[in-house]
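So the chains spell out like this:
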Amino acid sequence: MPIEFIGIASTRPGSETETAAVSGPAVQLDYLKDLALAHEESGFDRVLVAHSSASVDGFTVADQILTHTTRLAVLLAHRPGFVSPTYAARKYATIDAFHPGRIALHTITGGDDREQARDGDLTDKATRYRRTDEFLSIVRKEWESADPFDFEGEFYTVRGGWSSVRPEPGAIPIYFGGASEDAIRVGGKHADVYAFWGEPLAGIAERIRDVRAAAAPYGRDPRFSVSLRPIPAATESEAWTRAAEILELTKEKVGEARKAWGWGGDKKDFAAARGSQRLLEYAAQGDVHDKRLWTAIAKETGAAGNSTALVGSYEQVAESLLDYVALGVSTLLIRGFSPLADARDYGNLVRLVREQADASELAAV
């Protein structure tokens, strides 16, 4: 199976890293274009447009990225509950109509009650996952139904739903994130790609088994994604020197970053998210797992998002990424701590991973 690489998009410097202060207005088109083109030139397949209660509108950002690149696709995060599922489905389908095959839906149900409340959502996690289940069921109906359909649920009622713009079957894959039992239950039912944060190999293997078991009753066979923060250098020693510098910068800047991102100043804000809990549990066991999975940044930030790193030479980091591929992972979401410079530099990593994967496949023939 081909390896898919996904990076991270942002509309201003500093907005997707813990090591630098956010600078300038929230929307800077030239920076977004430079970042998108850097990913395209480095061989990435997609960039993630993330979502939070403080972020700019992702649909507009996605359209700008697709307009200013020729091949790069977008994984557009969406949080169910704020836009009706029929309308959200048409918004994605419209983007696909203008940029065929270059948009995907990343479902983020939301793990932090306080962050949800900033957008007026006061439901608890269990309720949110039930709502996500209905949301995705309706989205697929809106994409796939040539005839009007009805839907009666706990959260949504649709009478005669129908769309004049529908993607080709499978053209808009659904990615899904979440680590709780509710997330696995709902994601197993709906996800084309199930996304994990960068846990040790044994943890990812366990989670793949859990999701496959949840998907089996629906006849689904999802693919899997892992999110990691590579810190590569010419030598392993140089990589660890850089990692130490990144940790010191994180300690200096993370408070400013959390305030700029609307997270608040307490790194315990994400304690309710099961994915964060799992990363912190691994961090408590030690700073380094497997060959070179480094958890110090997760410990420092409270595991706010994907915050575990792979530290080593380019060849060593590529080898570690392929260890996840060997478990059944086909999507590698990688982002750095200097987003634009790292997006350019990761071209070496993308090339190495693909070359080594191709060599392994030839050797197995």
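Let me sum up the structure you'll find in this document. Quick caveat, the model's predicted, so the values are computed rather than measured. (Residues numbered from 1 in each chain as written. Predicted model: local features only at pLDDT ≥ 70, side-chain atom pairs only at ≥ 80, totals over all residues. Heavy atoms only, no water.)

## As for the overall build of the chain
Alright, step 1. What the chain contains, in helices and strands, is 12 helices and 13 strands.
Alright, step 2. Counting only residues that meet the buried cut, the chain has 55% of its 365 residues in that class.
Alright, step 3. Partitioning the contacts of the chain with sequence separation of at least 6, the portion at a separation of at least 24 is 71%.
Alright, step 4. Accessible area of the chain: about 15,100 Å², with a carbon and sulfur share of 52%.
Alright, step 5. The chain carries 42 positive and 53 negative side-chain charges, and their two centres are separated by 3 Å. (Helix = DSSP H or I, 4+ residues; strand = E, 2+ residues; numbered from the N terminus. Buried < 20%, exposed > 50% of the residue type's maximum accessible area, 1.4 Å probe, protein only. Contact = heavy atoms within 4.5 Å. Areas by Shrake-Rupley, 256 points an atom, 1.4 Å probe, with all protein chains shown as cover. Lys, Arg positive; Asp, Glu negative; His and termini not counted. Charge placed at Lys NZ, Arg CZ, Asp CG, Glu CD.)

## Observations concerning empty space enclosed by the protein
Alright, step 1. Considering all chains together, one arrives at two cavities of 30 Å³ or more under this definition.
Alright, step 2. What lines the largest cavity is Ile8, Glu16, Leu35, His39, Phe44, Ile334, Arg335, Gly336, Pro339, Asp342, Ala343 and Tyr346.
Alright, step 3. Those elements that place two or more of their residues in the lining of the largest cavity are helix 1 (29–41) and helix 12 (339–364).
Alright, step 4. For the lining of the largest cavity, the leading source of residues is helix 12, giving four residues.
Alright, step 5. A per-class count over the lining of the largest cavity returns seven nonpolar, two polar and three charged.
Alright, step 6. By volume, the second largest cavity is sized at about 60 Å³.
Alright, step 7. Lining the second largest cavity are Leu201, His289, Asp290, Lys291, Arg292, Leu293, Leu310, Ser320, Asp323 and Tyr324.
Alright, step 8. Looking at side-chain class alone, the lining of the second largest cavity contains four nonpolar, two polar and four charged residues. (1 Å grid on protein atoms, 1.4 Å probe; cavity = no way out; pocket = protein on both sides within 12 Å on 5 of 7 lines; lining within 4 Å. Points joined across faces, edges and corners; volume = space filled by probe spheres on them. Nonpolar A, V, L, I, M, F, W, Y, C, P; charged D, E, K, R; others polar.)

## Things to note about the packing of aromatic side chains
Alright, step 1. By the definition in use, this model includes seven aromatic pairs.
Alright, step 2. Ring centres of Tyr129 and Phe176 lie 6.5 Å apart, and the angle between their planes is 40°; on these two criteria the pair is classed as tilted. Residue Tyr129 is found in helix 5 (residues 125–144), and its partner Phe176 is found in strand 7 (residues 174–177); the two are separated by 47 residues along the sequence. The same class applies to Tyr129 and to Phe176, which are both buried.
Alright, step 3. Through pairs of rings, three or more aromatic residues link up here, namely Tyr129, Phe176, Tyr194, Phe196 and Phe224.
Alright, step 4. The residue whose ring lies beneath Lys91 is Phe59, and the NZ or CZ to ring-centre distance is 4.2 Å.
Alright, step 5. Over the ring of Phe337 we find Arg229; its NZ or CZ atom is 4.0 Å from the centre of that ring. (Phe/Tyr/Trp six-rings, centres within 6.5 Å; stacked < 30°, edge-to-face > 60°. Lys NZ or Arg CZ within 6 Å of the ring centre and 35° of its normal.)

## Regarding the environment of Val158
Alright, step 1. Within the fold, Val158 resides in strand 6 (residues 157–161).
Alright, step 2. When the C-alpha positions of Val158 and Thr19 are compared, they lie 46 Å apart, and in sequence the two are 139 residues distant.

## Examining the pairing of strand 3 (residues 73–78)
Alright, step 1. With six of six residues buried, strand 3 lies mostly within the body of the structure.
Alright, step 2. Side chains Ala73, Leu75 and Ala77 project from strand 3 onto one buried face, and the interleaved Val74, Leu76 and His78 project onto a second face that is buried too.
Alright, step 3. When strand 2 (residues 46–49) meets strand 3, the two strands line up parallel, connected through four bridges. Across the sheet, the residue bridging to Val49 is Leu76, located in strand 3.
Alright, step 4. Sheet topology places strand 3 next to strand 4 (residues 103–108); five bridges connect them, and they run parallel. Looking across to strand 4, one finds that His78 is bridged to Thr107.
Alright, step 5. Traced from strand 3 through helix 3 (residues 85–98) to strand 4, the parallel crossover comes out right-handed. (Pairing = 2+ DSSP bridges. Right-handed = clockwise from strand over helix to strand, strands pointing away.)

## Topic: the packing of helix 1 against helix 2 (residues 58–67)
Alright, step 1. Close contact between helix 1 and helix 2 brings their axes to 10 Å; oriented N to C, the two are set at 60°. Classified by the angle between their axes, helix 1 and helix 2 sit oblique to one another. At the point where helix 1 passes helix 2, the crossing takes the right-handed sense. When helix 1 is examined against helix 2, the residues Leu29, Leu32 and Ala36 are found in contact with a partner set consisting of Val61, Gln64 and Ile65.
Alright, step 2. Residues that form the contact of helix 1 with helix 2 fall into these classes: five nonpolar, one polar and no charged. (Axes fitted to C-alpha atoms, helices over the stretch in contact; angles between N-to-C directions. Parallel < 35°, antiparallel > 145°, perpendicular 65-115°, else oblique. Left-handed = near helix turned anticlockwise from the far one by under 90°.)

## Remarks on the layout of surface pockets
Alright, step 1. Quantified by volume, the second largest pocket comes out at close to 220 Å³.
Alright, step 2. Mapped by element, the contributors of at least two residues to the lining of the second largest pocket are helix 2 and strand 3.
Alright, step 3. Sorting elements by how many residues they give to the lining of the second largest pocket places strand 3 first, with three residues.
Alright, step 4. For the lining of the second largest pocket, the per-class residue count stands at seven nonpolar, four polar and four charged.

Remember, this is a structural readout, not a statement about activity or role.
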